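# Observations on chain architecture
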Protein chains: 2
Amino acid sequence: MPGEQRNAPRTRREVIEAAARALITHGPAVSLDAVAKEAGVSKGGLLHHFRSKQALIVGLIDEWFEHYDATVARLLEPEDTPGRWTRAHIRATFEPAGLWSHPSVVTALLGVPELQQRLDVAATRWRQQTDSDGLHPQRADLISRALDGVTLADLLWRDQETSEERAQTRDLLLKLTEQTGPVV
Amino acid sequence: MPGEQRNAPRTRREVIEAAARALITHGPAVSLDAVAKEAGVSKGGLLHHFRSKQALIVGLIDEWFEHYDATVARLLEPEDTPGRWTRAHIRATFEPAGLWSHPSVVTALLGVPELQQRLDVAATRWRQQTDSDGLHPQRADLISRALDGVTLADLLWRDQETSEERAQTRDLLLKLTEQTGPVV
DNA sequence: AGTAACGTACCGTCCAGACGGTCGGTTAGG
DNA sequence: CCTAACCGACCGTCTGGACGGTACGTTACT
């Protein structure tokens, strides 16, 4: 069975996903033991791929950013109209949340210093995408903040909101990208 | 010296503030020892006021909500005009951040299960305040999300934003409360 | 008023257990 | 046969919190 054979990148990915699952079930302070068990690998094997617990969490962070950027790219409209980057970010934010956007996972990520640097890099990239997007800066800023708020609400008030309310918020934000002047 | 004498509520408050300071300096996983030292109390004394580490964090959470609500009340306009509750929340969100809104502190709070319940209660209260505030629901929702986003940005991108940009965002949100129809 | 009795605030020590990480060994692949 | 993937036992450290004790404040009774 070829899938069972040794395969470093595959094992790496499986460990990362197992870490996310273990974080959700065991809380933000999971032991490496629990993660290893969840991944079907020994603790030594886990530490072969990630030299420390921090390294493992950083792996999770990188995976998360990769996934988000891929989602934005996938949702980008082909025609080059004003606000297309912003709209892609809006759609990406409202995509069904994966394993990553769970409170326990986020808590674990927050505990690691490297997060700040990755966030800065990502923020700069995202800002570049939306800055030359043809929207009024004030408008772009309002939408960005609202998107951050949606993300936070997903974390803090899960399932407090119906899918209709969600869709309404998304449509409002999308509509806001169809005008280019100042909001007020 | 009367201030030095035994005084349970005073000690309790001092321990809570010390916990916040210790969280900031020692990170989200401070030991009770460190908190006790910071508060100028023995570990045994600390555990007399808070029966467990969780109980201490819950104390922090309650203090935080109390403080926020007091701030909103302080910033409430006397005249009963449409959008006054929303404006108070906007001003409260943009108040200079205290000890509480530090990443390490928030990370610690996120780790405790009781947070969810307190958040639900607070969210309901805040929703009641803004629901009968005379603004169009869509408008109120947009502003709420943007405020959440500002809070998140404070945590993740501290000092990435100039005070002018901050003020502009605040003024935009305040202006949005001065119309009562739908946004688009 | 004096004091005994009692409850509460606070102290300092101790320990069981958990956890991160190391290391020598073993197996598979090229 | 050599390197990389992987195992599993082991160790040193740290921490939460239990516990037995002390000192202070307050009430009750004389």
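Residues numbered from 1 in each chain as written. Chains lettered and ligands numbered in written order. Predicted model: local features only at pLDDT ≥ 70, side-chain atom pairs only at ≥ 80, totals over all residues. Heavy atoms only, no water.

### Description of the relation of the copies chain A and chain B
With an RMSD of 0.1 Å, the fit of chain A onto chain B corresponds to turning through 179 degrees and sliding 0.1 Å along the axis. The symmetry that links the two subunits is that of a two-fold axis. Mapped onto chain B, 97% of the interface residues of chain A are again interface residues, and the two copies thus contact each other with one and the same surface. (Least-squares fit on C-alpha atoms with pLDDT ≥ 70 in both. Contact = heavy atoms within 4.5 Å.)

### Topic: unusual backbone geometry
Residues and elements named next belong to chain A. Phi angles above zero are rare outside glycine, and Asp 159 is one such case at about 60 degrees. Examined against the element boundaries, Asp 159 turns out to sit in the loop between helix H8 (137-156) and helix H9 (163-176). Looking at Asp 159, the relative accessible area reads 76%, which means it is exposed. (Helix = DSSP H or I, 4+ residues; strand = E, 2+ residues; numbered from the N terminus. Buried < 20%, exposed > 50% of the residue type's maximum accessible area, 1.4 Å probe, protein only.)

### Considerations on the protein's contact with DNA strand D
As a matter of local geometry, DNA strand D sits amid 18 residues, with Ser42(A), His49(A), Leu32(B), Lys43(B) and Lys53(B) nearest to it. Taken together, the sugar and phosphate atoms account for 52% of what DNA strand D places within 4 Å of the protein. Within the backbone of Leu32(B), one N or O atom sits 3.0 Å away from a phosphate oxygen of DNA strand D. One of the side-chain N or O atoms of Lys53(B) is found 2.6 Å from a phosphate oxygen in DNA strand D. Elements with a contribution of two residues or more to the surface near DNA strand D: helix H1 (8-26) and helix H3 (43-49) of chain A together with helix H3 (43-49) of chain B. No other element matches the four residues that H3(A) contributes to the surface near DNA strand D. (Near = heavy atom within 4 Å. Polar contact = N/O pair within 3.5 Å; in protein donor to acceptor, adjacent residues only side chain to side chain.)

### Things to note about helix H5 (residues 84-93) of chain B
All names here are of chain B. With eight of its ten residues buried, H5 lies for the most part within the structure. Buried within H5 we find Arg 84, Thr 86, Arg 87, Ala 88, His 89, Ile 90, Ala 92 and Thr 93. Taken together, the buried residues of H5 touch helix H4 (53-74), helix H7 (114-131), helix H8 (137-156) and helix H9 (163-176).

### A closer look at the domain arrangement of chain A
All names here are of chain A. You can read the domains of chain A as domain 1 (1-51) and domain 2 (63-184). The C-alpha centroid of domain 2 is placed 29 Å from the C-alpha centroid of domain 1. Taken together, the contacts link eight residues of domain 1 with seven residues of domain 2. For the pair domain 1 and domain 2, the summed buried surface comes to about 710 Å²; carbon and sulfur atoms form 82% of the total. If you sort the residues of domain 1 by the area they bury against domain 2, Leu 23, Ile 24 and Pro 28 come out on top, with a joint share of 58%. On the surface where domain 1 and domain 2 come into contact, there are zero salt bridges. For the interface between domain 1 and domain 2, the tally reads zero residue pairs in polar contact (both at pLDDT 80 or more). Of the residues that constitute the side of domain 1 that touches domain 2, the class distribution is five nonpolar, one polar and two charged. (Domains from an automatic or database assignment. Buried area = accessible area lost by both parts, 1.4 Å probe. Salt bridge = Lys/Arg side-chain N within 4 Å of Asp/Glu carboxyl O. Nonpolar A, V, L, I, M, F, W, Y, C, P; charged D, E, K, R; others polar.)

### Regarding the side chain of Arg139(B)
All names here are of chain B. Assignment of secondary structure puts Arg 139 in helix H8. Despite its burial, Arg 139 pairs with no opposite charge; the closest candidate is Glu 178, at 9.0 Å N-O. Looking at Arg 139, its side chain comes within polar contact range of the main-chain oxygen of Leu 176, at 2.7 Å. For Arg 139, the side chain forms a polar contact with the main-chain oxygen of Gln 179, separated by 3.3 Å. Once residues within four sequence positions are removed from consideration, Arg 139 is found in contact with Leu 176, Gln 179, Thr 180, Gly 181, Pro 182 and Val 183. (Lys, Arg positive; Asp, Glu negative; His and termini not counted.)

### Description of the UniProt feature "DNA-binding region" (unreviewed entry) in chain A
Taking the UniProt record as the reference, the feature "DNA-binding region" (unreviewed entry) is found at residues 31-50 of chain A. When the span residues 31-50 of chain A is considered, its composition is 75% helix and 0% strand, and the gap between its end C-alpha atoms is 14 Å. (UniProt positions renumbered as here; feature names shortened; annotations may be inferred.)

### Here we look at helix H6 (residues 103-110) of chain B
Two residues of an α-helix separated by three or four positions point the same way, owing to the 3.6 residues in each turn. Looking at H6(B), one finds that the buried residues are Ser104(B), Val105(B), Thr107(B), Ala108(B) and Leu109(B). Where H6(B) is buried, its residues contact helix H6 (103-110) of chain A together with helix H1 (8-26), H4 and H7 of chain B.

### With respect to the UniProt feature "domain: HTH tetR-type" (unreviewed entry) in chain A
The UniProt record annotates "domain: HTH tetR-type" (unreviewed entry) at residues 9-68 of chain A. Taken end to end, residues 9-68 of chain A is 82% helix and 0% strand, and its two terminal C-alpha atoms sit 20 Å from one another.

### Digging into the interface of chain A and chain B
The partner chain B presents 31 residues to the 30 residues of chain A that form the contact. A buried area of about 3,000 Å², summed over both sides, lies between chain A and chain B, and 68% of it is on carbon and sulfur atoms. Considering only the side of chain A, the residues that lose the most area to chain B are Arg145(A), Trp157(A) and Leu172(A), jointly responsible for 20% of the buried surface there. The tally of links between chain A and chain B comes to two salt bridges. A salt bridge links Glu161(A) to Arg145(B); its shortest N-O distance comes to 2.8 Å. The interface formed by chain A and chain B contains seven residue pairs in polar contact (both at pLDDT 80 or more). For the side of chain A that touches chain B, the secondary structure elements donating two or more residues are H6, helix H7 (114-131), H8 and H9 of chain A. For the side of chain A that touches chain B, the per-class residue count stands at 16 nonpolar, six polar and eight charged.

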